[in-house]
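Structural overview
Letter by letter, the chains look like this.
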There are 2 protein chains.
Amino acid sequence: MSENNAASATGQAVVPGAMDPYRQFLSDLLGVVAYGELSAFERMSSDARFSPTLRDRAALGRLAVREYENFERVTAHLESMGVNAEDAMAPFQASVDAFHDRTRPGDWYESLMKFYVTDAISDDFYAALGSLLDSESSQLIASLQETGSEAAGEVLFVRLQESLKDDPRLASRLALWGRRLVGEALTQAQRVVIERALPTGMDGILSPEEFDAQIRELFSQLTRNHSRRMSLLGLTA
Amino acid sequence: MSENNAASATGQAVVPGAMDPYRQFLSDLLGVVAYGELSAFERMSSDARFSPTLRDRAALGRLAVREYENFERVTAHLESMGVNAEDAMAPFQASVDAFHDRTRPGDWYESLMKFYVTDAISDDFYAALGSLLDSESSQLIASLQETGSEAAGEVLFVRLQESLKDDPRLASRLALWGRRLVGEALTQAQRVVIERALPTGMDGILSPEEFDAQIRELFSQLTRNHSRRMSLLGLTA
């Protein structure tokens, strides 16, 4: 019954077949990553329809397809751990959906900005957590990060830069939108992953004080990186 | 100036750099196929969000991704012919969009039915035209058709069959919806491809009478195949 005790000590519902804390942490982390990728795929490909040109639609579609491929990679990893991917995703569905409902882009430019900001924050966030994982899971998380000129972040950055050049009035609107997005994204990260998943997995690895300190450092790093990305676009964070 | 003469004889606008009739026909055909795939990708992945289960969302997402891959294959072929893919798609954008607007699914089941019906009709239609093409283009068209248990048509059929078994009252609604879809799809096929693209490409290959006869035969074949697919689902076509 030690599994059940561990689960109840961390405030989790005691369910038959409860997992050990690390496995539960990993299942939660991969569950939220998978559901995030699936949602991003659906939202991005829906928004693509409102692109100003067919070239933009095709480009955003391609980014959406990569989110789907990431989703499949993560769910395959869950299944290989013997975890049902739908079960792992289900606890995060309501809050990820609520995040998207609170950050509905008003037009194509806001949509670009949303994916630019949230993809980057998610990448940073998961990369930070990746270092705490077993090597196979950490490689999986690393494989989701893209680099180079074809990377989603780079494609979105270039397109945003062009748009801002074409219409300088866009800058103040997108700066405001960027601030709203980062606020929602950090709240989301805090709520979904920190409250639910991290403390469980950190039991016996970090003390509560070390845990708090690491989380504070992580969030200030996420904020700094976001500000740097906004500056690169010439926007006030 | 023979290119321009050929173009004006078939009622096409004479534009600088006008293509010879077969090339124009092929560019039109691949343009409508590409735009159809891009639109299907976007609509399908948007509709996926309303799936009853996460498993269904993932499954519909996967079908949507394959539409995108087909889109990329067709646009690559256009580019290899030296045709700008956006230019080839543009003439068909309004009518394909209008088709989707006229056939907006009321729920997930109508959405499944829509993709089941329209994918199959498009496949039949393009397969019939494929036989008139040069071997490379005809291979491309053939490569877009799927077979086996993973094929979109089969996945959608199985899911529709399950849904109809779970809720027999669905049958009359989906039968009605299927009739509306086939009507819209055939009108669409007639309008977009026959009026615009086929007569041009058939100049010198078929006489107007032979052309009319082939088109009548094609449409009755499309209708027969649709009725057979509805019967397999236990629905009245």
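These notes cover the structure that comes with them. As the structure is a prediction and not an experimental result, all values here were calculated from the model.

Let us look at the overall build of chain A. Looking only at helices and strands, one finds 10 helices and 0 strands in chain A. Ordered by position from the N terminus, the helices and strands of chain A form the series α-α-α-α-α-α-α-α-α-α. Counting all 237 residues of chain A, 51% fall into the buried class. Sequence separation of at least 24 residues holds for 77% of the intrachain contacts in chain A that already meet a minimum separation of 6.

The next subject is the packing of helix H5 (residues 108-130) of chain A against helix H7 (residues 152-166) of chain A. Residue and element names in this part refer to chain A. Relative to each other, H5 and H7 sit at 145°, their axes nearing to 9 Å. Regarding H5 and H7, the two cross each other, and that crossing is left-handed. Together, Trp108, Tyr109, Leu112, Met113, Phe115, Tyr116 and Asp119 of H5 and Ala152, Gly153, Leu156, Phe157, Arg159, Leu160 and Ser163 of H7 make up the contact between the two elements. Partitioning the contact of H5 with H7 into residue classes produces 10 nonpolar, 2 polar and 2 charged.

Our focus in this paragraph is the relation of the copies chain A and chain B. When chain A is brought onto chain B, the operation consists of a screw motion whose angular component is 180° and whose axial shift is 0.0 Å, with 0.0 Å RMSD remaining. These values place the two chain copies in the arrangement generated by a two-fold rotation axis. Distance from the rotation axis, computed per C-alpha, reaches its smallest value in chain A at A:Ser46: 2.5 Å.

Attention now moves to the packing of H5(A) against helix H10 (residues 208-232) of chain A. Residue and element names in this part refer to chain A. Contact geometry of H5 with H10 gives a least axis separation of 10 Å together with a crossing angle of 145°. The two elements H5 and H10 meet at a crossing, and its hand is right-handed. Taking contact as the criterion, the partners of Met113, Tyr116, Val117, Ala120, Ile121, Asp124, Phe125 and Ala128 in H5 are, on H10, Leu218, Leu222, Asn225, His226, Arg229 and Met230. Of the residues assigned to the contact of H5 with H10, the class counts are 10 nonpolar, 2 polar and 2 charged.

All right, on to the interface of chain A and chain B then. Many descriptions give the size of an interface as the accessible area lost when the pieces come together. Listed by partner, the interface residues are 27 residues for chain A and 27 residues for chain B. For the chain A and chain B pair, buried surface summed over both sides reaches about 2300 Å², with 52% attributable to carbon and sulfur atoms. Run the count over chain A and chain B and you get 6 salt bridges. Of the charged contacts in the structure, one is a salt bridge between B:Arg55 and A:Glu86, with a shortest N-O distance of 2.9 Å.

Conventions used here
- Note on numbering: residues in each chain are counted from 1, in written sequence order.
- Key to labels: chains lettered from A, ligands numbered from 1, both in the order written.
- In keeping with the model being predicted, local features are shown solely for residues with a pLDDT of at least 70 and side-chain atom pairs are shown and tallied solely at 80 or more, while totals for entire chains, interfaces and linings include all residues.
- Side-chain measures were taken over the full set of non-hydrogen atoms in the model, leaving aside hydrogen atoms and water.
- Under the DSSP-based scheme used, a helix requires at least four consecutive residues in state H or I and a strand at least two consecutive residues in state E, with every element numbered from the N terminus.
- Summary of the burial criterion: residues with accessible area below 20% of their type's maximum are buried, those above 50% are exposed, and those between are partly exposed, where the area comes from a 1.4 Å probe applied to protein chains only.
- For this analysis, residues touch if any pair of their heavy atoms sits within 4.5 Å.
- Axis geometry follows a simple rule: fit a line to the C-alpha atoms, using only the stretch in contact for helices, then measure angles between N-to-C directions, giving values from 0 to 180 degrees.
- The hand of a helix crossing depends on one turn: near helix anticlockwise from the far one by less than a right angle means left-handed, and clockwise means right-handed.
- The classification used treats Ala, Val, Leu, Ile, Met, Phe, Trp, Tyr, Cys and Pro as nonpolar, Asp, Glu, Lys and Arg as charged, and all other residues, Gly among them, as polar.
- The least-squares superposition of copies is restricted to C-alpha atoms, and to residues with a pLDDT of at least 70 in both copies.
- The term buried area refers to how much accessible surface (probe radius 1.4 Å) is lost by two components on association, counted for both of them together.
- Each reported salt bridge corresponds to a side-chain nitrogen of Lys or Arg within 4 Å of a carboxyl oxygen of Asp or Glu.

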